[in-house]
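An overview of the molecular structure
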Amino acid sequence: MRKIAYFCLSLVFFTSGVFAQTQEKEQEKEQPKVGHTNTNKFKQLYDEFSTPNMYRAASGAPGSAYYQQQADYKMDIVLDDKNAKLSGFETITYTNNSPDNLKYLWVQLDQNVRAKDSKSPLIESSALAPVFQPDDFASKYLTDGPNFGFNIQEVSVNGKPLSYMINRTMMRVELPKVLKSGDKFSFSIKWWYNINNHVEDGGRSGYEFFPKDGNRAYVIAQFFPRMAVYSDVEGWQNSQFWGRDEFALPFGDYEVNITVPADHILDGTGVLTNRKEVYSKDMMQRYEAAKKSFDKPVIIANQAEAEVREKSFSEDTKTWKLKAENVRDFGFATSRKYILDMMAVKIGEKNVMAVSLYAKEGNPLWEEWSTRAVGSTLESYSRMTFDYPYHKAISVHAQRQGMEYPMICWNYGRPKEDGTYSDRVKYGMMGVIIHEVGHNFFPMIVNSDERQWTWMDEGLNTFVQYIAEQDFGKKYPAALSANDKHFPSDRGPAKMIVPYMGGNQDFIAPIMTKGLNTYQFGNNAYGKPATALNILRETVMGHELFDYAFKEYANRWKFKHPTPEDFFRTMEDASAFDLDWYWRGWFYTTDWVDIGIKDVKKLYVTSEPNTYIKDIAKKNGFDVKDLRPLVFIVEEGSEDYKEELKSGTVIENSIPLKEYIMDNFTPEERKNLKTPKFFYNITFNKPGGLVMPIIVKYNYVDGTSKTETYPAQIWRLNDKEVTKAIASEKEIKSIQIDPNEETADIDTSNNSWPKQAQESEFDQFKDNKLKS
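Residues numbered from 1 in each chain as written. Predicted model: local features only at pLDDT ≥ 70, side-chain atom pairs only at ≥ 80, totals over all residues. Heavy atoms only, no water.

**A short note on the sheet that holds strand S22 (residues 392–397)**
- If you trace the six strands from one edge of the open sheet to the other, you get S17-S20-S21-S22-S24-S23, paired in mixed fashion. If you trace the sheet from one side to the other, it starts and ends with strand S17 (298–301) and strand S23 (402–405), each paired once. Across the sheet, the mean angle from the axis of one strand to that of its neighbour is 20°, orientation sign disregarded.
- Pairing of strand S20 (residues 339–347) with strand S21 (residues 350–358), which is carried by nine bridges, proceeds in the antiparallel orientation. Note on S21: the bridge partner recorded for Met343 is Ala354.
- Across the sheet, helix H8 (residues 423–438) lies against S22, S23 and strand S24 (408–411), angled at about 155° from S24, the strand it touches most. (Pairing = 2+ DSSP bridges. Helix = DSSP H or I, 4+ residues; strand = E, 2+ residues; numbered from the N terminus. Axes fitted to C-alpha atoms, helices over the stretch in contact; angles between N-to-C directions. Contact = heavy atoms within 4.5 Å.)

Take a look at the structure:
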């Protein structure tokens, strides 16, 4: 009896962990006989993250000693429209809020990226194409090109010259004495440059020339020497501007006087302080009406008036005065061609003006939808982050442009000359307006370092853009084409990033890469991070937890300078979600998602000892008849399987189980017991590198279905495959992984059981041709 009891006890322990032990033995055989470091994909990101300190807390919030510098500007700007030349005199007051004493200051000269001696063209590989347009060939290989770039005429303090050194797009200004912590220093710069034609010469700002009427429309930015950022992370962020990576800028207050031809219409960053001087009486009346119009735009300067101004070419000038507080940059747009409209948008407790500037070439599309898109965007972004703090947001029509600055942005999307436009043009125009207006939040307010981490503004902004686009489609269904039930966003949903993530690994870089050094800039900085956040919201965390944490990040870091760690840490801190595995996989690697169904075994309960137990008994020298009663599991189709098991219930098929239940459960308790009839062992494998939740849809023979999500942590002990035991009252007919394409799985051929035949691309093409 003792021997039998001993074997029974041993068997209980053995069978309870048998599958785990078997897996461990198999893994031991595969493992090399050497030690290794922790390579678990759920390892915490202590090696990747910087150590928290007094400036940046472990929670992801600004630390107790967090600081940031301030740069205030007073500028007088003059536009020479005849010669397409801009000149200015600016006085910068720089406040050193850091604990460090500064010997010199760094100033950004972004226009020098287009100077004759610019190194930017030299870092790009190039080859002669087989065919050229004559003008293109001549401009590239027969001429020196236009003379762009800053001409610095003076750097001074109180009229006395300061020593300075220009290194390409950066200027070091030597201070007369060390600028101590807490002190301020004011100095002035006088400059001018020739404005580029942004349609022909490229660039993020400049002018478009309209040959039919001889006018230019100017969208002007990076137009003045701007202070670089000095922070606890980088010290001076004086990385050169090569043309792709955008900007890192301190906050400050601006007073800007802009003198332009008297027949121009102008708007820009800040409050227009002399509106009555530069607006006509009619414009002022319309402006007052627009402040009360919440349902449709009011045209302030109409197309008929613009067509008259186009012909005037006034020799007189007019100065527009703008004042902005707590902004990181300044931009403006001006032209005699501009039509101007506005409407009011309720944001929190205040009204914000949604504004559009556009030439008649943008109509009828711009008059109908630009300002409405601005207003809807402000509502969506404010809901996801914080109430928009500024008094206006402007969308400017500019060919081949999509750029953002505080309170103003320029956007492409132009109808044909007859006023017609395709869906592609319409949706492209709406999408870019939503995107660029959204940049008011990221990075104009949540002021990340674009020069280093492009994805922190582009990726986050593209994520919210997707939400805002869907909101816009719901708010304005008339904006959608007849066949579209929702706004056709081109980034955000998981399936849209699959071609990129499944592409050639030689031309893919991790998101956590300096933007200048990425291969596929749009996918890397915009598409993939936006998709990662969308999956996090829709599939991993859920809306409530994600939205709270995302809003917490935005509010912690508005009007401050966050880093990637600040974002990652805040998302975890505010949600109680350990996401290190997610950040590592999606942001620090180029791994991809591929989860499949490796095997499905249909099982039955029986009283008869199975081969597995018989082999154990034989090996250990005892008779299975000596074992205490046990529940045995057999696989359908195996030598232990009997057809009559199909007709019996789990209780009927196992006498020991029936006896146990009768002895240990009351009649009332027995009524509440589950009655599974079908049992399965389902093995999932993971050919892809990314760990992700396993979303499984079980389809039953009776026509019903059930979807179960197994958290990503299911992969924590085995990164290759895992098995789930399923006890079901219904027979499973088929199984599908990721049925709604939520995880960006790059290979769906292994997502189904029974395995479904995959139609080849040729067959798909043939079917489509037959249908058409």
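**Side note on the packing of helix H11 (residues 521–541) against helix H14 (residues 580–587)**
- At their nearest, the axes of H11 and H14 sit 11 Å apart, and the two run at 150° to each other. The angle between the axes of H11 and H14 places the two elements in the roughly antiparallel class. The chirality of how H11 crosses H14 is right-handed. Along its contact with H11, which presents Lys528, Pro529, Ala532, Ile535, Leu536 and Val540, the element H14 presents Trp581, Tyr582, Trp583, Trp586 and Phe587. (Parallel < 35°, antiparallel > 145°, perpendicular 65-115°, else oblique. Left-handed = near helix turned anticlockwise from the far one by under 90°.)

**Some points on the pattern of salt bridges**
- Tallied over the entire structure, the rule returns 43 salt bridges.
- Taking the shortest distance from any N to any O, the salt bridge between Glu450 and Arg328 comes out at 2.3 Å. Here the residue Glu450 occupies a position in the loop between H8 and helix H9 (455–475), and Arg328 occupies one in the loop between strand S18 (317–327) and strand S19 (332–335), the gap between them amounting to 122 residues. By the burial criterion, Glu450 is buried, and Arg328 matches it. (Salt bridge = Lys/Arg side-chain N within 4 Å of Asp/Glu carboxyl O. Buried < 20%, exposed > 50% of the residue type's maximum accessible area, 1.4 Å probe, protein only.)

**Brief notes about the sheet that holds strand S9 (residues 206–210)**
- The four strands are arranged S9-S10-S19-S15 in an open sheet whose pairing can be described as antiparallel. Both edges of this open sheet fall to S9 and strand S15 (265–268), since each of them pairs with a single strand only. The average angle at which neighbouring strand axes cross in this sheet is 10°, direction not considered.

**Thoughts on H11**
- At Gly527, H11 is bent by approximately 30°, the largest bend along its length, and proline Pro529 sits one to four residues beyond.
- Burial analysis of H11 places 18 of its 21 residues in the buried class, which makes it a mostly covered element.
- Once H11 finishes, Gly542 follows within two positions and takes phi at roughly 95°, a positive value. (Bend = angle between axes of the 7 residues up to and from the residue.)

**Some details on the packing of aromatic side chains**
- If you walk through the whole model with that rule in mind, you get 62 aromatic pairs.
- Ring centres of Phe472 and Phe487 lie 6.4 Å apart, and the angle between their planes is 70°; this geometry places the pair in the edge-to-face category. You can see Phe472 sitting in helix H9 and its partner Phe487 sitting in the loop between H9 and helix H10 (498–501), a full 15 residues away along the chain. Here Phe472 matches Phe487 in class, with each residue buried.
- When the ring centre of Tyr104 is taken as origin, the NZ or CZ atom of Arg172, which lies over that ring, is 5.9 Å away.
- Across from the ring centre of Trp369, 5.9 Å away, lies the NZ or CZ of Arg372, which sits over that ring. (Phe/Tyr/Trp six-rings, centres within 6.5 Å; stacked < 30°, edge-to-face > 60°. Lys NZ or Arg CZ within 6 Å of the ring centre and 35° of its normal.)

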